[in-house]
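Listed here are the chains, written in short residue letters.
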Amino acid sequence: MGGFSLKILVIVRQTPDTEAKIQANADNNGIETSSIKWILNPFDEFAVEEAVKIKESSDAEVVMLTVGPERSVEVLRTALAMGGDSSIHIKDENFGDMDSYALAKVIASKIKSIGDVDLILTGKKWIDEESGQVAIQVAEELGIPQATLATKVDVNEASKSVKVQSEIEGGQRIVELTFPAMISCERGLNEPRYASLPGIMKAKKKPLEEVLIDSIDIDELGLTKEGLGSEGSRIKVDSIEIPVIKRSLKILKGGKSDMVQADEVQKASDDLVKLLREEAKII
Amino acid sequence: MSEIWVLVDTSQGKIRNVTYEVLTAARKLKEKNGATVAAVYIGDSAGSIEGDLGKYGAEKVYKIENPALKEFNPSAYAHALSEIIKSHTPEIILAGNTLQNQDFIPRVASKTSAGLTLDAIDIDLSSSSTLQVKRYRYSGKSISTISYHDVKPMIATVRPNAFKPVENEVSPEVVSESPDIPSQDNIKVLETKITPKERPELTEADKIISGGRGVASSENFKLIFDIADSIGAAAGASRAAVDSGFVPYEMQVGQTGKVVSPNLYIAIGISGSVQHYAGMGSSKVIVAINKDPDAPIFQKCDYGICGDLFEVIPALTEEFKKLS
Ligand SMILES: Cc1cc2nc3c(=O)[nH]c(=O)nc-3n(C[C@H](O)[C@H](O)[C@H](O)COP(=O)(O)OP(=O)(O)OC[C@H]3O[C@@H](n4cnc5c(N)ncnc54)[C@H](O)[C@@H]3O)c2cc1C
Ligand SMILES: Nc1ncnc2c1ncn2[C@@H]1O[C@H](COP(=O)(O)O)[C@@H](O)[C@H]1O
């Protein structure tokens with residue numbers, strides 16, 4: 001062990017499948033999870049892929065880390081099957097109660113205890129919470145620089161730095177970060193590979209460290225026991241609603257068949273513009 | 001007296017519209033708690049922005065200026081704002097949910113032990129001191145109401161277009177601040193490229209026209225750009241159109257693309273998948289043009305034409321042009 005010239009940590013999260021039908025739970029303060037299929041957060045796939053690509057062209061060790069309940073070990077298996085070396089599961093059965101402020105502290109504290117991590121990669125956001133703040137808060141807690149929304153990553157092992165191209169308002173920007181550094185990954189960075197069968201078999205034998213959330217010294221983090229749960233959260237979900245927008249469903253069809261024919265197109269366009277102007281009052 | 005701060009967003013030296021929207025949102029809170037609404041500029045040189053900010057109700061304008069803040073750097077901006085927060089202790093801080101703000105405000109929240117929510121679509125006070133915001137989760141699939149608990153400051157970013165800017169002219173007091181900025185050796189900006197935009201930004205546009213796989217080629221997307229230009233709309237796309245290489249990823253709308261809520265969304269040659277809908281389902285009026293009468297989008301739109309887009313779009317573009 002040891003002797004790697006570069007240590008990369010990838011933070012991954014388990015999210016509901018994008019097809020999932022979202023319904024409120026009985027308490028109406030979260031979602032009903034019983035029928036949900038869970039997947040590796042699509043944006044985290046870009047982070048895993050990038051780490052594995054860097055590993056393929058350098059002497060790097062890639063460690064996967066997630067926080068979540070028992071079931072979230074699945075995303076570590078997926079990430080290991082894609083090519084990671086080892087993984088860390090911070091187990092929290094009440095996951096979801098923690099706000100991102102506390103979550104960032106927990107993740108940062110674990111990373112500190114690992115030590116010598118050069119590069120941290122993660123997705124630009126979780127597709128469930130849509131928050132986009134954890135990665136940046138982990139960077140802040142660790143006192144390291146960040147580049148978000150990366151579309152190109154160029155590691156320079158010798159100078160211990162990385163050039164990152166990112167999307168910014170109205171354009172693009174290239175920054176150079178000195179290790180250790182945090183990068184959040186955007187679509188377009190790479191094409192994530194599928195886990196191969198041999199990859200999946202190998203993943204089963206790769207090291208998986210389990211850390212119980214209770215074993216993390218939260219006093220040290222400036223948190224209280226409650227701070228990890230919903231009671232002490234700085235922000236709390238009061239209620240959740242599923243928006244139902246009533247749509248008028250006025251579809252203009254052809255006279256002879258469902259489709260408007262070439263000679264009916266003009267009238268259909270006129271009618272649509274009239275509806276948008278006079279009924280919807282939108283143009 | 002307690003203060004509500006609104007961060008000033010600028011683009012090429014001009015104050016962006018989202019700043020006026022957020023100032024309007026801040027005044028809604030002021031009606032309940034009587035706080036002072038203050039606008040906060042961070043950069044190298046504010047110039048005389050107070051006139052424009054005063055028009056939308058900024059009673060105070062903080063100018064946080066330092067040459068080191070000329071170019072955006074998340075660590076430096078977070079440091080500057082956090083220092084000023086610590087000395088003035090505002091209760092509530094609001095900002096537009098722009099990429100730049102999303103990039104440094106989470107650091108501010110960590111530095112000041114604040115409560116933070118991003119991308120609010122509505123804000124309110126549930127008591128004189130508790131901020132309450134609504135935001136989407138799972139893209140457009142659900143809306144959460146979130147309250148802050150015993151925490152100061154309470155910070156939220158507000159989605160562009162969520163509030164309509166309303167003028168309310170006051171004459172602001174100006175406060176100048178120039179915090180020391182520690183040098184940032186671990187991050188260096190090598191290059192910034194701003195591409196002049198031909199059309200409005202997707203996330204800020206009030207009208208969007210998107211094309212999908214049905215548009216069939218990169219060349220055909222000219223039809224989408226033309227019709228978008230005829231009503232000053234932004235142009236978007238489905239993931240199938242992006243994956244087929246018709247247009248770049250920046251144009252993708254959906255759960256893994258941009259999440260938008262314009263007043264008018266026109267989907268052309270788009271079937272209406274769950275993932276696409278998650279990104280635009282909160283639009284006020286949805287129009288679909290599709291040749292398949294059974295396309296799922298026809299079950300969740302307001303208006304539609306069932307027809308061949310190559311026939312319908314040129315005709316509709318001409319009709320739109322007549323409007324102006
Ligand atoms: C993890 C994940 C994330 C995803 N994220 C997104 C996302 O963010 N955004 C997104 O859009 N998708 C996303 N998708 C993909 C999504 O599932 C659909 O595949 C995609 O939205 C389909 O795009 P489309 O409607 O353009 O294509 P199709 O479903 O192929 O629909 C094309 C439509 O065009 C119509 N058409 C064809 N020719 C014509 C013509 N001449 N005139 C009129 N109509 C015509 C057809 O009738 C059809 O309805 C995601 C999928 C996954 C698995
Ligand atoms: N519970 C978690 N465990 C591990 N990583 C997480 C967790 N929650 C969030 N992340 C990571 O943080 C990234 C960005 O989250 P956020 O910035 O809050 O949207 C995600 O893409 C994940 O990789």
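Refer to the structure presented above.
In this report, we go over the structure that sits alongside the text. Not measured: the values here are computed from a predicted model.

## Points about the side chain of B:Asn290
All names here are of chain B. Within the fold, asparagine 290 resides in strand β16 (residues 285-290). Reaching out from asparagine 290, the side chain makes a polar contact with the backbone nitrogen of aspartate 292 at a distance of 2.9 Å. Once residues lying within four places of it in the same chain are set aside, the contact partners of asparagine 290 are Gly269, Ile270, Ser271, Ala295, Ile297, Phe298, Ile305, Cys306 and Gly307.

## Remarks on empty space enclosed by the protein
For the structure shown, the criterion picks out 5 cavities of 30 Å³ or more. Approximately 200 Å³ is the volume found for the largest cavity. Forming the walls of the largest cavity are 20 residues, and the residues nearest its centre are A:Ile11, A:Arg13, A:Thr122, A:Trp126 and A:Val134. Among the secondary structure elements, those contributing two or more residues to the lining of the largest cavity are β4 (60-68), α3 (100-114), β6 (119-123) and α4 (134-142) of chain A. Sort the elements by how many residues they give to the lining of the largest cavity and β4(A) lands first, with 3 residues. In terms of residue class, the lining of the largest cavity is built from 10 nonpolar, 6 polar and 4 charged. Here the second largest cavity defines a volume of roughly 60 Å³. Elements supplying a minimum of two residues to the lining of the second largest cavity: α3 of chain A together with β7 (115-127) of chain B. Class assignment of the residues belonging to the lining of the second largest cavity gives a composition of 4 nonpolar, 4 polar and 2 charged.

## Examining the site of ligand 1
Residue and element names in this part refer to chain B. Lining the immediate surroundings of ligand 1 are 26 residues, of which Arg213, Ser238, Thr256, Ser271 and Asn290 lie closest. With respect to ligand 1, the side chain of arginine 213 contributes an N or O atom lying 2.6 Å from an oxygen atom. For ligand 1, a nitrogen atom lies 2.6 Å from a polar atom in the side chain of threonine 256. Considering ligand 1 on its own, with 980 Å² of exposed area, one finds that the protein chains cover 79% of that surface. When atoms are counted within 2 Å of each cavity's grid points, the one that captures over half of ligand 1 is the second largest pocket. Counting only elements with at least two residues in the shell around ligand 1, the list comes to α6 (239-243), α7 (274-280) and α8 (309-323). Classifying every residue of the shell around ligand 1 by side-chain character gives 5 nonpolar, 16 polar and 5 charged.

## As for the pattern of salt bridges
Residue and element names in this part refer to chain A. Within the structure shown, the criterion is met by 38 salt bridges over all chains. For aspartate 128, the salt bridge identified is with arginine 13, shortest N-O distance 2.9 Å. Within this pair, whereas aspartate 128 is found in the loop between β6 and α4, its partner arginine 13 is found in the loop between β1 (6-11) and β2 (14-16), the two being separated by 115 residues in sequence. Both residues of the pair, aspartate 128 and arginine 13, belong to the buried class. Across the pair arginine 77 and glutamate 74 runs a salt bridge whose closest N-O atoms are separated by 3.4 Å. Residue arginine 77 and its partner glutamate 74 are both found in helix α2 (residues 73-81); the two are separated by 3 residues, about one turn of the helix. According to the relative accessible area criterion, arginine 77 is partly exposed, its value standing at 38%. According to the relative accessible area criterion, glutamate 74 is partly exposed, its value standing at 44%.

## Comments concerning unusual backbone geometry
Put simply, A:Phe179 and A:Pro180 share a cis peptide bond, and its omega is -5°. Residue position: A:Pro180 is located in the loop between β9 (171-178) and β10 (181-185). With an omega dihedral of -10°, the bond running from B:Lys152 to B:Pro153 counts as a cis peptide bond. By secondary structure assignment, the location of B:Pro153 is in the loop between β9 (142-148) and β10 (154-158). Here the phi dihedral of A:Asp116 falls at roughly 35°; this positive angle occurs in a residue that is not glycine.

## Side note on helix α4 (residues 99-111) of chain B
The periodicity of an α-helix, 3.6 residues per turn, causes residues three or four places apart in sequence to face the same way. Residue and element names in this part refer to chain B. Of all the bends found along α4, the most pronounced is centred on isoleucine 105 and spans about 25°, while proline 106, a proline, follows it within four residues. Every buried residue belonging to α4 is among Asn101, Asp103, Phe104, Ile105, Pro106, Arg107, Val108, Ala109 and Ser110, and all of these are buried. Within two residues after α4, serine 113 carries a phi angle of roughly 50°, on the positive side.

## Some thoughts on the interface of chain A and chain B
In this complex, chain A contributes 83 residues to the contact, which on the side of chain B involves 93 residues. Between chain A and chain B, the buried area comes to about 7600 Å², and carbon and sulfur atoms account for 53% of it. Counting the surface chain A buries against chain B, the share from its top three residues, A:Glu169, A:Arg187 and A:Arg247, is 10%. Where chain A touches chain B, the interface holds 8 salt bridges. Between A:Arg187 and B:Asp243 there is a salt bridge whose closest N-O contact spans 2.4 Å.

How each quantity is defined
Residues numbered from 1 in each chain as written. Chains lettered and ligands numbered in written order. Predicted model: local features only at pLDDT ≥ 70, side-chain atom pairs only at ≥ 80, totals over all residues. Heavy atoms only, no water. Helix = DSSP H or I, 4+ residues; strand = E, 2+ residues; numbered from the N terminus. Polar contact = N/O pair within 3.5 Å; in protein donor to acceptor, adjacent residues only side chain to side chain. Contact = heavy atoms within 4.5 Å. 1 Å grid on protein atoms, 1.4 Å probe; cavity = no way out; pocket = protein on both sides within 12 Å on 5 of 7 lines; lining within 4 Å. Points joined across faces, edges and corners; volume = space filled by probe spheres on them. Nonpolar A, V, L, I, M, F, W, Y, C, P; charged D, E, K, R; others polar. Near = heavy atom within 4 Å. Areas by Shrake-Rupley, 256 points an atom, 1.4 Å probe, with all protein chains shown as cover. Sits in = over half its atoms within 2 Å of the grid points. Salt bridge = Lys/Arg side-chain N within 4 Å of Asp/Glu carboxyl O. Buried < 20%, exposed > 50% of the residue type's maximum accessible area, 1.4 Å probe, protein only. Bend = angle between axes of the 7 residues up to and from the residue. Buried area = accessible area lost by both parts, 1.4 Å probe.

Shape is all these values report; function is a separate question.
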